[in-house]
Amino acid sequence: MKNQPEQCPERDLDRTHYYFHTEQLTVGYDGKPLIKEIEMHVHRGEILTLIGPNGGGKSTILKSITRQLKTICGTVYLENETLQKLSGKELSQKMAVVLTERMQSELMTCEDVVATGRYPYTGALGILTEEDRVKVHEAMALVHALDLCDRDFKAISDGQRQRIMLARAICQEPEIIILDEPTSYLDIRHKLELLSILKQLVAQNQVAVIMSLHELDLAQKVSDQEICVHGEFIDRAGTPEEVFTPEYIRGLYGITTGSYDPLFGCIELDGVKGRPEVFVIGGGGSAIPVYRRLQREGIPFATGVLHENDIDYEVAKSLASVTVTERAFEPVSEGAVQEALALLRGCRRVISCVPEFGTMNAGNEELLTEAKRLGILEEGNRQ
């Protein structure tokens, strides 16, 4: 993709399929291209998320598709009309924008700020009707911000400000919402509430959403489509299942330490290297807290015997010095047990996290028996 041409030829595309799409869009500053030939599209009722390293151009794209930054070439379409043809009022009735820049709000309460979302629907004097006031309060209630109504907007926290700006966008009753890093500054409760609100708007009102996110776990869970911004061109576009692979995310972000696990949607630090000092008998997710505790304490450990489809295996392969494995859906073999026993006998401690053994992992009971015989089993650490 890095050798794509720089020109922006006109093409006869079917523009009726998507609610929003771009054609051969190139964005940048002072006439200098930053990202070229951007093809992005979203239906109403979908969430499209931009991910990628800092400084890659995500905010530049969002500013360009909202007419806050002049495009270098290409076209942005909204419901089969080019954005350039829409008046400011027409665009405001269709598109709401929540960017990271601070809003100028001298002597405005939070309710005043949210109420500006109704201005596209008021007359020349900007006088709000009782119906407008109701919509303002409904939007603030939706983001759990009614207690902020009379607070000075400039005096509230960054997280509270983010919620007020979302309420402003909601009461604008848009068909598409553009958000730049909307979860920044929010604690975990309000991150989840904000994304739940967006999903609700998408499902119930068929709103289209385009946003950027730094939290990969949230992007993976909330998005219908992803666009990966890195380099001169869009690096990859697709569903979360197509984008979130360990190898691709490692390359996209230039990860050299640790790893990203798409199954859990989380990052893992590197495991502690060296000869194992502790052997962990795990399975069924029971050993993950012990793996992470040993990693935090800087203790190299071995674990097994784990089936390759076991949830413990997903973490163990990142954190354990050695992991003894068995094929999925196969009983633990004698060969795997002997390999694990050899490791166990070289450790000074054994931690068993398995309360009982079933048919498929019955072989692991030999590990428990041997640990008891050697007097190195730590019963108090059983999970």
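These figures come from a predicted structure and were not determined experimentally.

Enquirer: When you look at unusual backbone geometry in this model, what are you seeing that I'm missing?
Expert: Of all residues except glycine, most have a negative phi; of all peptide bonds, most are trans. In the segment running from Gly-304 into Val-305, the intervening peptide bond is cis, with an omega of -15°. Phi at Glu-181 is positive, roughly 50°, even though this residue is not glycine. Mapped onto the secondary structure, Glu-181 falls in the loop between strand S8 (176-180) and helix H6 (188-205). Of the residues examined, Glu-181 reaches a relative accessible area of 19% and is grouped as buried.

Enquirer: When you look at the sheet that holds strand S11 (residues 234-238) in this model, what are you seeing that I'm missing?
Expert: Consider a sheet: its strands pair through backbone hydrogen bonds, and that pairing is either parallel or antiparallel. Ordered in space as S7-S8-S9-S4-S10-S11, the six strands form an open sheet in which the pairing is mixed. Every other strand in the sheet has two partners, leaving strand S7 (95-98) and S11 as the edge strands with one partner each. Looking at each pair of strands side by side, their axes are set apart by 10° on average, direction ignored. In terms of strand pairing, S7 meets S8 through four bridges, oriented parallel. Within S8, the position partnered with Val-98 by the bridge is Leu-179. Its contacts with the sheet put H6 on strand S4 (47-51), S8 and strand S9 (208-212), and the angle it makes with S9 is roughly 150°.

Enquirer: For this particular structure, what's the right way to read the pattern of salt bridges?
Expert: Any two side chains of opposite charge can pair if their charged atoms end up close together. Counted under the stated rule, the structure contains 18 salt bridges. Arg-161 is the partner of Asp-158 in a salt bridge, and the nearest nitrogen-oxygen pair spans 2.8 Å. Highlighted residues: Asp-158 and Arg-161, both in helix H5 (residues 158-171), separated by three residues, approximately one helical turn. Here Arg-349 ties to Glu-378 by a salt bridge, and the two come within 3.3 Å at their closest N and O atoms. With Arg-349 in strand S17 (residues 349-352) and Glu-378 in the segment after helix H13 (365-374), this residue pair connects regions lying 29 residues apart in the sequence. Looking at Arg-349, the relative accessible area reads 16%, which means it is buried.

Enquirer: For this particular structure, what's the right way to read the packing of aromatic side chains?
Expert: What characterises a pair of aromatic rings is the spacing of the ring centres plus the angle enclosed by the ring planes. Under the criterion given, the structure shown has two aromatic pairs. When the centroid spacing of 6.0 Å and the interplanar angle of 40° are considered together, the rings of Phe-244 and Tyr-260 count as tilted. A residue pair is termed long-range when its members are at least 10 positions apart, and Phe-244 in the loop between helix H8 (240-243) and helix H9 (246-253) and Tyr-260 in strand S12 (residues 259-261) qualify at 16 residues. As far as burial versus exposure is concerned, Phe-244 and Tyr-260 are alike and both buried. With a centroid separation of 5.3 Å and an interplanar angle of 10°, the aromatic rings of Tyr-291 and Phe-301 are classed as stacked. Here Phe-301 lies in strand S15 (residues 301-307) and Tyr-291 lies in helix H10 (residues 288-296), a separation of 10 residues in the sequence. Phe-301 carries the same exposure label as Tyr-291, and that label is buried. Of note, Arg-161 hangs over the ring of Phe-153, and the distance from its end group to the ring centre comes to 5.4 Å.

Enquirer: What am I meant to see in H10 here?
Expert: Residues separated by three or four positions in an α-helix point in the same direction, a consequence of the helix having 3.6 residues per turn. Within H10, burial applies to Ile-288, Val-290, Tyr-291, Leu-294 and Gln-295. Taken down its axis, H10 places every buried residue within 165° of arc, on the same side. Lining the buried residues of H10 we find strand S14 (278-281), S15, helix H11 (311-319) and S17. Backbone geometry just after H10 places Gly-298 at a positive phi near 75°.

Enquirer: How should I be thinking about the packing of helix H12 (residues 334-345) against H13 in this particular structure?
Expert: Packed helices, taken two at a time, are described by the angle their axes make and the gap between the axes. Remark: H12 packs on H13, axes separated minimally by 10 Å, with the N-to-C direction vectors making an angle of 25°. Taken together, the axes of H12 and H13 lie roughly parallel to each other. Classified by chirality, the crossing of H13 by H12 is right-handed. For the pair H12 and H13, contact is made by Glu-334, Val-337, Gln-338, Ala-340, Leu-341, Leu-344 and Arg-345 and by Glu-366, Leu-367, Glu-370, Ala-371 and Leu-374, respectively. When grouped by side-chain class, the residues that make up the contact of H12 with H13 number seven nonpolar, one polar and four charged.

Enquirer: Would you mind going over the confidence of the model for the protein chain with me for this structure?
Expert: The predicted coordinates of low-pLDDT regions are not to be read in fine detail. For the protein chain, mean pLDDT is 90; residues scoring 70 or higher make up 93% of the total. Here strand S13 (residues 266-268) stands out as the least confident element of the protein chain, with mean pLDDT 85; S14 is the most confident, with 98. Contacts from residues 1-15, a stretch scored under 50 in pLDDT, to residues over four places away or in other chains number 29 contacts.

Enquirer: Honestly, the state of the cysteines in this entry has me stumped. Any pointers?
Expert: This structure, assessed with the given rule, holds zero disulfides. No disulfide involves Cys-149; its nearest neighbouring cysteine sulfur is the one of Cys-110, lying 8.0 Å away. Here Cys-353 is not cross-linked by a disulfide; its sulfur's nearest cysteine counterpart is in Cys-347, at 14 Å.

What counts and what doesn't
- Residues numbered from 1 in each chain as written.
- Predicted model: local features only at pLDDT ≥ 70, side-chain atom pairs only at ≥ 80, totals over all residues.
- Heavy atoms only, no water.
- Helix = DSSP H or I, 4+ residues; strand = E, 2+ residues; numbered from the N terminus.
- Buried < 20%, exposed > 50% of the residue type's maximum accessible area, 1.4 Å probe, protein only.
- Pairing = 2+ DSSP bridges.
- Axes fitted to C-alpha atoms, helices over the stretch in contact; angles between N-to-C directions.
- Contact = heavy atoms within 4.5 Å.
- Salt bridge = Lys/Arg side-chain N within 4 Å of Asp/Glu carboxyl O.
- Phe/Tyr/Trp six-rings, centres within 6.5 Å; stacked < 30°, edge-to-face > 60°.
- Lys NZ or Arg CZ within 6 Å of the ring centre and 35° of its normal.
- Arc of directions from axis to C-beta.
- Parallel < 35°, antiparallel > 145°, perpendicular 65-115°, else oblique.
- Left-handed = near helix turned anticlockwise from the far one by under 90°.
- Nonpolar A, V, L, I, M, F, W, Y, C, P; charged D, E, K, R; others polar.
- pLDDT = per-residue confidence, 0-100.
- Disulfide = S-S within 2.5 Å.

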